[in-house]
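Architecture at a glance
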Amino acid sequence: MSADMRTMWPAEENPTLVRIASSLGTTPNWLLGVTESADAVAEMSDLLERFANAANGMTLEELQLRIIQTEAIVVAKTRR
């Protein structure tokens, strides 16, 4: 799908796409292949690397708890 076509169909006008994305734990943009800017991707990569480094210092229990907390945040955001 071209970038022009994607901009013609905002998520608000595609409730089915929003529901599918929500149930998959992702975004409509990701499903449509819309990529973020290079700066945003680089920042996210840096943060994920920091999280992975911090996780290396956690016990298995602590890491499991942090994953549960993170997943809960994502679920809460999709229910707004």
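Remember, it's a predicted structure, so these values are computed and weren't measured experimentally. (Residues numbered from 1 in each chain as written. Predicted model: local features only at pLDDT ≥ 70, side-chain atom pairs only at ≥ 80, totals over all residues. Heavy atoms only, no water.)

1. Topic: the overall build of the chain
Tallying secondary structure elements over the chain gives 5 helices and 0 strands in all. Listed by position from the N terminus, the elements making up the chain come as α-α-α-α-α. Buried positions account for 6% of the 80 residues belonging to the chain. Of the roughly 6,800 Å² that the chain leaves accessible, carbon and sulfur atoms contribute 59%. (Helix = DSSP H or I, 4+ residues; strand = E, 2+ residues; numbered from the N terminus. Buried < 20%, exposed > 50% of the residue type's maximum accessible area, 1.4 Å probe, protein only. Areas by Shrake-Rupley, 256 points an atom, 1.4 Å probe, with all protein chains shown as cover.)

2. Thoughts on the confidence of the model for the chain
The share of residues in the chain with pLDDT of 70 or more is 82%, and the mean pLDDT across the chain is 80. Within the chain, the element-level pLDDT minimum falls on helix H1 (residues 3-8), averaging 46, and the maximum on helix H5 (residues 60-78), averaging 91. In this model, residues 1-8 is a region of pLDDT below 50 whose contacts with residues beyond four sequence positions or in other chains number 7 contacts. (pLDDT = per-residue confidence, 0-100. Contact = heavy atoms within 4.5 Å.)

3. What to know about a negative patch on the surface
Residues Asp39, Glu43, Asp46 and Glu49 make up a contiguous surface patch of negative charge. With respect to the helices and strands, the residue Glu49 is situated in helix H4 (residues 38-55). (Patch = residues over 30% accessible without salt bridge, like charges linked within 9 Å, V, L, I, M, F, W, Y side chains within 5 Å. Salt bridge = Lys/Arg side-chain N within 4 Å of Asp/Glu carboxyl O. Lys, Arg positive; Asp, Glu negative; His and termini not counted. Charge placed at Lys NZ, Arg CZ, Asp CG, Glu CD.)

4. Topic: the environment of Leu31
Residue position: Leu31 is located in helix H3 (residues 28-32). When its relative accessible area of 30% is taken as the criterion, Leu31 is described as partly exposed. Through-space distance from the C-alpha of Leu31 to that of Leu17 is 8.4 Å; in sequence the pair is 14 residues apart. With near-sequence residues (within four places) excluded, Leu31 lies in contact with Leu17, Ile20, Ala21, Leu24 and Thr26.

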